[in-house]
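Take a look at the letters that make up each chain.
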Amino acid sequence: MQAFEHVDAMTAREAVQLLATDPQARAIAGGTDLIPEMRLGVRCPDRLVNLKTIRDASGIQELDGYVQIGALTPLSDVAQHPLIQSKFPCLVQAILDAASPQIRNLATLGGNLCQDSRCWYFRGPFHCWLKGGTYCNAEHGDNRHQAIFGGGPCFTVHPSDPATALLALRARLGVIGLDGERNLSIAQFFVLPHDNHRSLNCLQPGEVLNRIDLPWPASGERAIFLKAMDRAAFSFALASIACVLKLEGERINSARVVLGGVAPIPWRANACERALIGQTLNDKTIKQAADLATRGARPLAMNGYKLPLVRALVERALDQLAS
Ligand SMILES: Cc1cc2nc3c(=O)[nH]c(=O)nc-3n(C[C@H](O)[C@H](O)[C@H](O)COP(=O)(O)OP(=O)(O)OC[C@H]3O[C@@H](n4cnc5c(N)ncnc54)[C@H](O)[C@@H]3O)c2cc1C
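Residues numbered from 1 in each chain as written. Predicted model: local features only at pLDDT ≥ 70, side-chain atom pairs only at ≥ 80, totals over all residues. Heavy atoms only, no water.

Chemist: Help me understand the overall build of the chain, please; the structure alone is not making it clear to me.
Modeler: Within the chain, the regular secondary structure consists of 13 helices and twelve strands. Compactness check: the chain gives a C-alpha radius of gyration of 19 Å against a globular reference of 20 Å for 323 residues, within 12% of the reference. If one aligns the C-alpha atoms of the chain with their principal axes, the spans along those axes are about 60 × 50 × 35 Å. Residues counted as buried form 54% of the 323 residues belonging to the chain. Just so you have it, the chain exposes about 14,500 Å², and 50% of that area is on carbon and sulfur atoms. Measuring between centres, the 33 positive side-chain charges of the chain sit 5 Å from its 30 negative side-chain charges. (Helix = DSSP H or I, 4+ residues; strand = E, 2+ residues; numbered from the N terminus. Rg over C-alpha atoms; globule rule 2.2 N^0.38 Å. Buried < 20%, exposed > 50% of the residue type's maximum accessible area, 1.4 Å probe, protein only. Areas by Shrake-Rupley, 256 points an atom, 1.4 Å probe, with all protein chains shown as cover. Lys, Arg positive; Asp, Glu negative; His and termini not counted. Charge placed at Lys NZ, Arg CZ, Asp CG, Glu CD.)

See below:
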C-alpha cells in the first residue's frame, strides 16, 4: 500500500477544502470499501480525509415532514433506529441484507451510496473502462454478475442495497462542495457512466455527501425490499427489488419499482410501474407487471438468468404487498 497522509476533518467545509486542494486525496468514512481497494492498489490516495470526525455528521433526526440521516451514520444505527424501523421497514430490510453485522457497524450510509464498483475486472489487475481504460473487460468476459440494463461503456452493476430502497422511497441528498451545499434527488445522484464520466454518481472532485432526507410515507403506502443472492447471506445482489405502492382503497394510485444488481445505477422499472397504476393488485395485474419488469433488458452472454430472476422477484414482492 502506498504511504498516505491522514487528516481528521472537523467540519464538512474543512473536508471539502482538504479534498479540493489535492486531486489525489480521498474521503474516508468507515473505510470498509476504500481500505480493501487501497490494499489491492485500485485506489492509491496520497491523503485520506477522515469524515468521521466531522461534528454532527452522524445521527438521525425527525424534522418537519421528513427524517434526516447524517451521511456518517453507521448502517447498523440506521437499521436499529425506532423511527426508521416503524416508518421505513424496506430500508431496514435492505440494510440487514447488506454485508455482515461487523461491516454494518463500521460502514456508513453515505459511504454505502458512494462505494465503488464490485466488478471483478474493476477490482482486479485490469485496466478496465471504469478505471480509465478503453473498453469494458466484462462485456465479452466473465459477465455473469454484470448489467442487463443501462450497460455500455461500462457493464458493472451498482453494489448498494440501501440505494435501491432509497430510490423507491424518494430520498433527497445534501452534497457539500466548494460553492456550498446543493440539494438533489437520489435519482440525480446516480449517473450512468458515459463518455468521460467514469463514476457511478454525480459527485464532483472534492464534494462530500452530507445527509440523506426521507419524506414521510404517504397514507396508504406499502413498501418491500427483496434480494436474491447466490448464498443465504453476506453476498451482493444478483438482483433485488424495492417496491413502494400507494393504494387508495383497492386501487394502486402510484408505484415505484426499483431494481438493484441489474444496472450501473439503481434502475426504475418504468413499464412495470405504468402497468400497476390504476389497477388492483390481483394475479393478472401482478403477472403483467412482472413480465414488463424486464422490458428493454439486454443480457450479456452469461447473465440471461437475471431476466426470470427479476420477474420472479417482482411477482413475489407484489404478492407480498397484496396480502
Ligand atoms: C465483504 C463485504 C460484503 C459487502 N456486501 C454488501 C452488500 O451485500 N450490499 C451492500 O449494499 N454493500 C455491501 N458491502 C459494501 C459495504 O456496505 C460498503 O463497503 C460500505 O457501505 C461503505 O461505507 P464506508 O463508510 O465504509 O465507506 P468507505 O469505505 O469509507 O468509502 C467508500 C467510498 O465512498 C467515498 N465516501 C465515503 N463517504 C463519503 C461521503 N460522505 N461523501 C463523499 N464520498 C464518500 C470514499 O471516498 C470511498 O470512495 C460489502 C462490503 C464488504 C467488505
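Chemist: Just checking my understanding: could you explain helix 12 (residues 283-292) for this structure?
Modeler: Residues lying three or four places apart along an α-helix face the same way, a consequence of the helix completing one turn every 3.6 residues. Buried residues of helix 12: T285, I286, A289 and A290, and no others. Taken end-on, helix 12 shows its buried residues confined to a sector of 130°, consistent with a single buried face. Summarising the geometry of helix 12, the exposed residues directed more than 90 degrees from the buried face are D283 and K284. (Arc of directions from axis to C-beta.)

Chemist: How do you make sense of the site of the ligand when you look at a structure like this?
Modeler: Neighbouring the ligand are 33 residues, the closest being A27, A29, G31, T32 and T108. Here G30 contributes a backbone N or O atom positioned 2.8 Å from an oxygen atom of the ligand. Note that an oxygen atom of the ligand is positioned 2.8 Å from one of the backbone N or O atoms of D33. Considered on its own, the ligand offers 970 Å² of accessible surface; in the complex 93% of this is hidden by protein. (Near = heavy atom within 4 Å. Polar contact = N/O pair within 3.5 Å; in protein donor to acceptor, adjacent residues only side chain to side chain.)

Chemist: Before we go on, may I ask you to explain the environment of R222 in this structure?
Modeler: Inspection of the secondary structure assignment puts R222 in strand 9 (residues 221-228). Linking R222 and V244, residues 22 residues apart in sequence, is a C-alpha distance of 5.7 Å. Excluding residues that lie within four positions of it along the chain, R222 makes contacts with C243, V244, L245, L247, L321 and A322. (Contact = heavy atoms within 4.5 Å.)

Chemist: Before we go on, may I ask you to explain the state of the cysteines in this structure?
Modeler: By definition, a disulfide links the sulfur atoms of two cysteines through a covalent bond. For the structure shown, the criterion picks out zero disulfides. The thiol of C154 is not disulfide-bonded; the next cysteine sulfur, from C136, is found 5.4 Å away. Using a relative accessible area of 5% as the deciding quantity, one classes C154 as buried. Note on C202: no disulfide assigned, nearest cysteine sulfur contributed by C114 at a separation of 9.5 Å. (Disulfide = S-S within 2.5 Å.)

Chemist: How should I be thinking about the nonpolar core in this particular structure?
Modeler: Most often, soluble globular proteins keep nonpolar side chains buried together rather than apart. By size, the foremost hydrophobic cluster in this structure holds 56 residues, and its most contacted members are I69, I84, L91, L113, L166 and I212. If near-sequence neighbours (up to four positions away) are discounted, I84 is found in contact with I60, V67, I69, V78, P89, L91 and V92. Formed by 32 residues, the second largest nonpolar core is a distinct cluster that contains A228, V262, L281 and V310. (Core = buried A, V, L, I, M, F, W, Y, C linked by side-chain atoms within 4.5 Å.)

Chemist: Explanation requested: the layout of surface pockets in the structure shown.
Modeler: To locate leftover empty space, one rolls a probe as large as a water molecule over the atoms. Empty space within the second largest pocket amounts to approximately 320 Å³. Lining the second largest pocket are 17 residues, and of these R118, C119, H145, V157 and F236 sit closest to its centre. By residue class, the composition of the lining of the second largest pocket is seven nonpolar, six polar and four charged. Of the residues that make up the lining of the second largest pocket, three or more belong to each of domain 2 (60-115 + 156-215) and domain 3 (221-322). (1 Å grid on protein atoms, 1.4 Å probe; cavity = no way out; pocket = protein on both sides within 12 Å on 5 of 7 lines; lining within 4 Å. Points joined across faces, edges and corners; volume = space filled by probe spheres on them. Nonpolar A, V, L, I, M, F, W, Y, C, P; charged D, E, K, R; others polar. Domains from an automatic or database assignment.)

These values are about where atoms sit, not about what they do.
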